[in-house]
Amino acid sequence: MAIENGITPNSSPTSVSSPTRITTIAEIGEHVDERITLRGWLYNLRASGKLLFPIFRDGSGTIQGVVPKAEVPERVFETLKSLTLESSLTVTGRVRADSRAPSGYELDVEDLTVIQRIPEETPYPIQLKEAGVDFLMEHRHLWIRTPRQSAILRVRATIMRAAAEFFDNRGYVRTDPPILTPNACEGTSELFEMEYFDEGKAYLTQSGQLYVEATAMALGRVYSFGPTFRAEKSKTRRHLTEFWMIEPEVTYMDLDGLMNLAECFLTHIVRRALELHAADLKIIGKDVTKLEAVIAGSAPNGCEDGREQRSGFPRLSYDQAHAMLIEAHQRGLLENAHRYGDDFGSPDETYLSSQFAKPVMVHRYPASVKAFYMQPDPLDPSKALCVDVLAPEGYGEIIGGSQRIDDFDLLRRRIEEHHLPLEAFEWYLDLRRYGSVPHSGFGMGIERCVAWICGLEHIRETIPFARTLHRIYP
RNA sequence: UCCUGAGUAGCUCAAUGGCAGAGCAUUCGGCUGUUAACCGAAGGGUUGUAGGUUCGAGUCCUACCUCAGGAGCCA
């Protein structure tokens, strides 16, 4: 770009002397003692008389520059000295290893070109000092430039890729369900509603599960990966109205196979996050020993076919979990005693997960508190063949799954018992009319997984632009 | 939907019912190893909105608005 925006014209970095290599801060360690060019922004600037310490960022990281007045052209020194924070620029200099620098490297600045200078009258609104949640969320489009938020979004990207590649590597076919749906999947949650031409109401999907059951019957092993929407007026650090979910569905898989699958799946994601993001997790402030404990004992390429239990996530039946909660209440660790037959509340889940270093799998809940399509346990038909996976450190349920009802008559009866419109489920019942087979699947909320792996206080930081009860801007 | 809490300078926060304050940011000056740099100076206010009590309200009362934390429900 040849934009100088009112400042003294600079020569372009490439015209100064020898051609330089354009690189990124993340890769700067490969260019020690070389002359390189970075393209980014001025993150911070400290001045000490005739010595400037600009900190540059380029999206991949930050690095401190050193600019002694006596050793650079006056134009470079004066331009940088009065440059406003977050102004965009390219900078050329020599990379030097320096033990005083947090990252281990510094840049001896030789030249720079300002791309856009932010005027003093309208300074960059986000300071390096702490700010309130409301202010930061109102400026989310700028907040994501900070090192910590950028690091979180990089880890999120890896988690999403690791989740998809886990299934891709095992022969699953990605089959994404529709986002616009004609009716409520499970008849429970509040849905976002809209007019759909002359066809009446349509709704934003709350889960693609029923549709992936259909694609599984076509393709065997499938998964979906996309956004889902809940219009529930939940107002907690664990809830978004729009979030991403990955949902595998597998024919001829029972609950035990599903639990193995979920365990291998989470192990893979945690392993990839640790492999690729040690630096980012450090910026975020996550204690990685807690993640290492999750995958301890697992084999890097284990869990083939979901038949082997490798890293040993603890498994509790609903009854066992209930007993633990009763005991915790008696010892004064829980305020309210869990009532047998009820679902677990948030404090209950937090307590259960806090008892283990690994995610805990709670299975076979009472059918009455679970969705209509879950297969009853043949050993106790009052229980459903389902599993919730609770993340460690109180991050709550990150996976919910079950074996699905494959018997036509039972499924139809359940639809009627839940007072769901039978005609809307005819296509779903067709899956049991025509070559029904046992099958299972689960769904994992990406954002809760990111919040857990990054150790975040609030789920709103796990997605570039969070949609919550009282926020839809920016 | 319910419970609790908070709205004062661009940002983070002070101010017993009695003159509207500080730090950061911005501007100017100083400083050659700073790590949210530091030191000095300047500018910057309809105290969320509307009423009420009072000689006097940022402070007390009422309603509303906005936001946050939690519950329920969920991933």
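Rules and cut-offs
Residues numbered from 1 in each chain as written. Chains lettered and ligands numbered in written order. Predicted model: local features only at pLDDT ≥ 70, side-chain atom pairs only at ≥ 80, totals over all residues. Heavy atoms only, no water. Near = heavy atom within 4 Å. Polar contact = N/O pair within 3.5 Å; in protein donor to acceptor, adjacent residues only side chain to side chain. Helix = DSSP H or I, 4+ residues; strand = E, 2+ residues; numbered from the N terminus. Nonpolar A, V, L, I, M, F, W, Y, C, P; charged D, E, K, R; others polar. Buried < 20%, exposed > 50% of the residue type's maximum accessible area, 1.4 Å probe, protein only. Contact = heavy atoms within 4.5 Å. Axes fitted to C-alpha atoms, helices over the stretch in contact; angles between N-to-C directions. Parallel < 35°, antiparallel > 145°, perpendicular 65-115°, else oblique. Pairing = 2+ DSSP bridges. Arc of directions from axis to C-beta. Disulfide = S-S within 2.5 Å.

An account of the protein's contact with RNA strand B is needed here, citing residue identities and associated values.
Of all residues adjacent to RNA strand B, which total 50 residues, the nearest are Asn-44, Glu-106, Gln-127, Lys-129 and Arg-237. Taken together, the sugar and phosphate atoms account for 49% of what RNA strand B places within 4 Å of the protein. Within the side chain of Gln-64, a nitrogen or oxygen atom sits 2.6 Å from a base oxygen of RNA strand B. One of the side-chain N or O atoms of Glu-232 is found 3.3 Å from a sugar or linking oxygen in RNA strand B. The element that contributes the greatest number of residues to the surface near RNA strand B is strand β2 (residues 35-48), accounting for four residues. Classifying every residue of the surface near RNA strand B by side-chain character gives 15 nonpolar, 13 polar and 22 charged.

Before we move on, could you go through the environment of Val-360 and cite the residues and values that matter?
Along the chain, the position of Val-360 falls in strand β14 (residues 360-363). Owing to a relative accessible area of 0%, Val-360 belongs among the buried residues under this scheme. Sequence separation of Val-360 and Glu-263 is 97 residues, and the distance between their C-alpha atoms is 9.5 Å. Among all residues touching Val-360, those that are not within four sequence positions of it are Pro-314, Leu-316, Leu-352, Ser-353, Asp-388, Val-389 and Leu-390.

Outline the packing of helix α9 (residues 318-330) against helix α10 (residues 346-354), listing residues and values.
The interhelical angle for the contact between α9 and α10, taken along N-to-C directions, is 100°, at an axis separation of 10 Å. Considering their axes alone, α9 and α10 lie roughly perpendicular with respect to each other. Here Ala-321, Met-324, Leu-325 and Ala-328 of α9 come into contact with α10, specifically with Asp-348, Tyr-351 and Leu-352. In the contact of α9 with α10, the residues fall into six nonpolar, no polar and one charged.

Talk me through the sheet that holds strand β9 (residues 193-195); I want residue IDs and the actual numbers.
Here three strands make up an open sheet; going across it, the order is β8-β10-β9 and the pairing antiparallel. Edge positions in the open sheet fall to β8 (180-181) and β9, since each of these has one partner strand only. Here three bridges tie β9 to strand β10 (residues 201-204), and the two strands are oriented antiparallel to one another. Among the inter-strand pairings, Met-194 is bridged to a residue of β10, identified as Ala-202.

How would you explain helix α11 (residues 408-417) if you had to name every residue and give the values?
Listed as buried for α11 are Phe-408, Leu-410, Leu-411, Arg-414 and Ile-415. Around the axis of α11, the buried residues are gathered within 170° of arc, so they sit on the same side. Along its buried surface, α11 packs onto β15 (376-377) and α12 (426-433). Two to three positions downstream of the cap, the backbone nitrogen of Asp-409 sits 3.2 Å from a side-chain oxygen, assigning the N-cap of α11 to Asp-407. His-419, located one to two residues past α11, shows a positive phi value of around 55°.

Could you give an account of the pairing of strand β3 (residues 51-57), naming the residues involved and the relevant values?
With five of seven residues buried, β3 lies mostly within the body of the structure. Two strands pair when backbone bridges link them, and β2 and β3 are joined in this way by seven bridges, in the antiparallel orientation. Among the inter-strand pairings, Arg-46 is bridged to a residue of β3, identified as Phe-53. Taking the residues that link successive antiparallel strands as the turn, the β2-β3 hairpin has two residues, and the phi of Gly-49 there is positive, at about 65°. By the bridge criterion, five bridges tie β3 to strand β4 (residues 62-68) in an arrangement that is antiparallel. Note on β4: the bridge partner recorded for Arg-57 is Thr-62. Linkage of β3 to β4, two consecutive antiparallel strands, is achieved through a turn of four residues, within which Gly-59 is found at a positive phi near 95°.

Would you mind going over the state of the cysteines in detail, with residue names and values included?
If you walk through the whole model with that rule in mind, you get zero disulfides. Of all cysteine sulfurs in the structure, the one in Cys-449 sits closest to Cys-454, which takes part in no disulfide; the separation is 9.1 Å.

Summarise unusual backbone geometry; cite the residues concerned and give the values.
In this structure, Pro-474 follows Tyr-473 across a cis peptide bond, with omega equal to 0°. Relative to the elements of secondary structure, Pro-474 occurs in the segment after α13 (446-454). In this model, Asp-33 sits at a positive phi of 70°, which is unusual for a non-glycine residue. Looking at the secondary structure, you find Asp-33 in the loop between β1 (21-22) and β2. The exposure class assigned to Asp-33 is exposed, which follows from its relative accessible area of 55%. Residues other than glycine seldom take positive phi values, yet Arg-364 does so here, at roughly 60°.

Any details on the pairing of strand β17 (residues 386-391)? Residues and values, ideally.
Taken across its six residues, β17 has six buried, putting it largely inside the fold. Side chains Cys-386, Asp-388 and Leu-390 project from β17 onto one buried face, and the interleaved Val-387, Val-389 and Ala-391 project onto a second face that is buried too. In this structure, β14 lies alongside β17, joined through four bridges in antiparallel fashion. Following the sheet pairing, Val-360 is matched in β17 by Leu-390. Pairing analysis gives six bridges linking β17 to strand β18 (residues 396-403), with the strands arranged antiparallel. Bridge assignment links Ala-391 to a residue of β18, and that residue is Gly-396.

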